[in-house]
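Summary of structural features
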Amino acid sequence: MPAANNHAQNRQTPTARRGFLASGLGVALFSSAVFGLSGSFAKALLETGWTPGAAVTARLTGAALILAIPAIPALRGRWHQLRDNWVTILLFGLIGVAACQLFYFNAVARLSVGVALLLEYLAPVIIVLWLWAASRKRPRALTFGGTLLSLAGLVLVLDLTGAVKVDPVGVLWGIAAAVCLAIYFFITAKENDTLPPIVLASGGLMAGAAVMWLAAATGLLPMAFSAADTKLGPWTTPWWAPLAGLVVLATVLAYVSGIMAARALGSKVASFVSLTEVLFAVIWAWLLLGELPGAVQLLGGVLIVGGVILVRLDELRAPVPPLRGAVTTTANKEARTQATSPLEHANDVEPVP
């Protein structure tokens, strides 16, 4: 009888796993879809006179207050985790939230939403190039091919010979956002199971908002708001409509669903699904702003995303040394760490695009 029970359980396991995977994929796609709204909502505000700094500050402040509601109960009895992880939270807020968003919104102010996001998605390529220069060791074939493919896509996205000239300042802002994203991944490329992801997200948003308000108060960051109506697709809406969408949909729901997806699928599979954010961002910008990159730029976008996929596939294939009974746990852990990618254990919470 026990053997029969075990056999029945084994037959049920694949079906249960498939259902769980399908559920996780749905949540991950939803997260990508709402994350992709950020550029369109932000641009609607920027076109009425908001500065990028004002849009970022309002987004961070509102989202931080909302996410504090579930974060506080998660810390009950474990407030020491904030003290133990304050450096991670601060760096996440400074680089992964405030700087990355500010640079991305500055790029959106001068470029189409799709082009700005594609430039930011060059972060994995920047990581590969940096590791190559620092170690003087050529990447494996798949990573090298993915890097070349993404760089070729960048040339097409910039469309240097096209009739419509791309704003070079906007391109620099987009690349700066990619650099911030790459730095963030380096900083958080370690396993951290002591801090709940919702706490890291809320704490990082609070830290980023505090930095933005401080920069505005000292005059370092231009801050201008506008109460003029905005234009979203065929609708004319009050200013608070895109702001509410930016805070609630593109930040709070995006973060919460992203965390759920990472827990259901694992951070690596979830990161692959998150590449669909570029597709969603282009679709939203087309529907809400009437923006659509040219055919050459769309082809470049396909190459960039394809290159990033190759790089991440190569990460999945990173060799892990076999365990040996004579090796101690500490030595085992060190051996595995050296064999894996520097981004192998990146946090499940990613920077806000």
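Residues numbered from 1 in each chain as written. Predicted model: local features only at pLDDT ≥ 70, side-chain atom pairs only at ≥ 80, totals over all residues. Heavy atoms only, no water.

The biggest cluster of nonpolar side chains holds 78 residues, and the ones touching the most others in it are Trp50, Tyr104, Leu119 and Leu205. It is helix H5 (residues 86-110) that provides the largest number of residues to this core, a total of 12 residues. In this view, Leu119 contacts Leu111, Leu154, Leu158, Gly170, Val171, Gly174, Ile175 and Ala178; residues no more than four positions away in its chain are not counted. (Core = buried A, V, L, I, M, F, W, Y, C linked by side-chain atoms within 4.5 Å. Buried < 20%, exposed > 50% of the residue type's maximum accessible area, 1.4 Å probe, protein only. Helix = DSSP H or I, 4+ residues; strand = E, 2+ residues; numbered from the N terminus. Contact = heavy atoms within 4.5 Å.)

Below, the discussion takes up the environment of Pro238. Its location among the elements puts Pro238 in the loop between strand E2 (235-237) and helix H11 (240-265). Under the relative-accessibility criterion, Pro238 is labelled partly exposed at 30%. Sequence separation between Pro238 and Ala227 is 11 residues, and the spatial gap between their C-alpha atoms is 7.5 Å. Setting aside residues up to four positions removed in sequence, Pro238 forms contacts with Asp229 and Thr230.

According to the stated counting rule, one finds two salt bridges in the structure shown. Here Glu291 ties to Lys43 by a salt bridge, and the two come within 2.7 Å at their closest N and O atoms. Here the residue Glu291 occupies a position in the loop between helix H13 (276-289) and helix H14 (295-316), and Lys43 occupies one in helix H2 (residues 38-46), the gap between them amounting to 248 residues. Each member of the pair, Glu291 together with Lys43, is buried. (Salt bridge = Lys/Arg side-chain N within 4 Å of Asp/Glu carboxyl O.)

Helix H10 (residues 197-217) packs onto H5 with a crossing angle of 60° between their chain directions and a minimal axis gap of 7 Å. Remark: the crossing between H5 and H10 carries right-handed chirality. Facing H5, whose interface residues are Thr88, Ile89, Phe92, Gly93, Leu94, Val97, Ala98 and Leu102, H10 presents Leu200, Ala201, Gly203, Gly204, Leu205, Ala207, Gly208, Val211 and Met212. (Axes fitted to C-alpha atoms, helices over the stretch in contact; angles between N-to-C directions. Left-handed = near helix turned anticlockwise from the far one by under 90°.)

Let us look at the confidence of the model for the chain. Looking at the chain as a whole, the pLDDT averages 80, with 79% of positions reaching at least 70. Element-level pLDDT for the chain is lowest in helix H15 (residues 329-339), with a mean of 40, against a maximum mean of 94 in H2. Predicted confidence is poor over residues 1-13, with pLDDT under 50, and the contacts of this stretch with residues over four places away or in other chains come to zero contacts. (pLDDT = per-residue confidence, 0-100.)

Positionally, Ser135 belongs in helix H7 (residues 123-135). According to the relative accessible area criterion, Ser135 is partly exposed, its value standing at 47%. In terms of polar contacts, Ser135 uses its side chain to reach the backbone carbonyl oxygen of Leu131, at 2.6 Å. (Polar contact = N/O pair within 3.5 Å; in protein donor to acceptor, adjacent residues only side chain to side chain.)

Relative to the 38 Å expected for 26 residues at 1.5 Å per residue, H11 spans 35 Å between its end C-alpha atoms, a close match to the ideal helical length. A bend of about 35° at Ala254 is the largest found in H11. A positive backbone phi angle near 95° is found at Gly266, which sits one or two residues after H11. (Expected span 1.5 Å × (residues − 1). Bend = angle between axes of the 7 residues up to and from the residue.)

Take the packing of helix H3 (residues 52-74) against H11 next. Where H3 contacts H11, the axes come no closer than 9 Å and their chain directions differ by 50°. As judged from the angle between their axes, H3 and H11 are oblique. H11 is crossed by H3, and the crossing has right-handed handedness. The residues of H11 that touch H3, namely those facing Ala55, Ala58, Arg59, Gly62, Ala63, Ile66 and Leu67, are Leu243, Leu246, Val247, Val248, Ala250, Thr251, Val252, Tyr255 and Val256. Its residues assigned to classes, the contact of H3 with H11 shows 13 nonpolar, two polar and one charged. (Parallel < 35°, antiparallel > 145°, perpendicular 65-115°, else oblique. Nonpolar A, V, L, I, M, F, W, Y, C, P; charged D, E, K, R; others polar.)

Moving on: the packing of aromatic side chains. Enumeration according to the criterion identifies seven aromatic pairs in this entry. Seen in terms of ring centroids, Phe103 and Trp173 are 5.4 Å apart; in terms of plane orientation they differ by 35°. Their pairing is tilted. You can see Phe103 sitting in helix H5 and its partner Trp173 sitting in helix H9 (residues 168-187), a full 70 residues away along the chain. With a centroid separation of 5.5 Å and an interplanar angle of 80°, the aromatic rings of Trp132 and Phe144 are classed as edge-to-face. Placement of the pair is Trp132 in helix H7 and Phe144 in helix H8 (residues 141-158), with a sequence separation of 12 residues. Judged by its relative accessible area of 31%, Trp132 falls in the partly exposed class. Pairwise contacts between aromatic rings join Trp50, Phe225 and Trp239 into one cluster. In this structure, Arg138 is placed above the aromatic ring of Phe144, and the distance from its NZ or CZ to the ring centre is 4.2 Å. (Phe/Tyr/Trp six-rings, centres within 6.5 Å; stacked < 30°, edge-to-face > 60°. Lys NZ or Arg CZ within 6 Å of the ring centre and 35° of its normal.)

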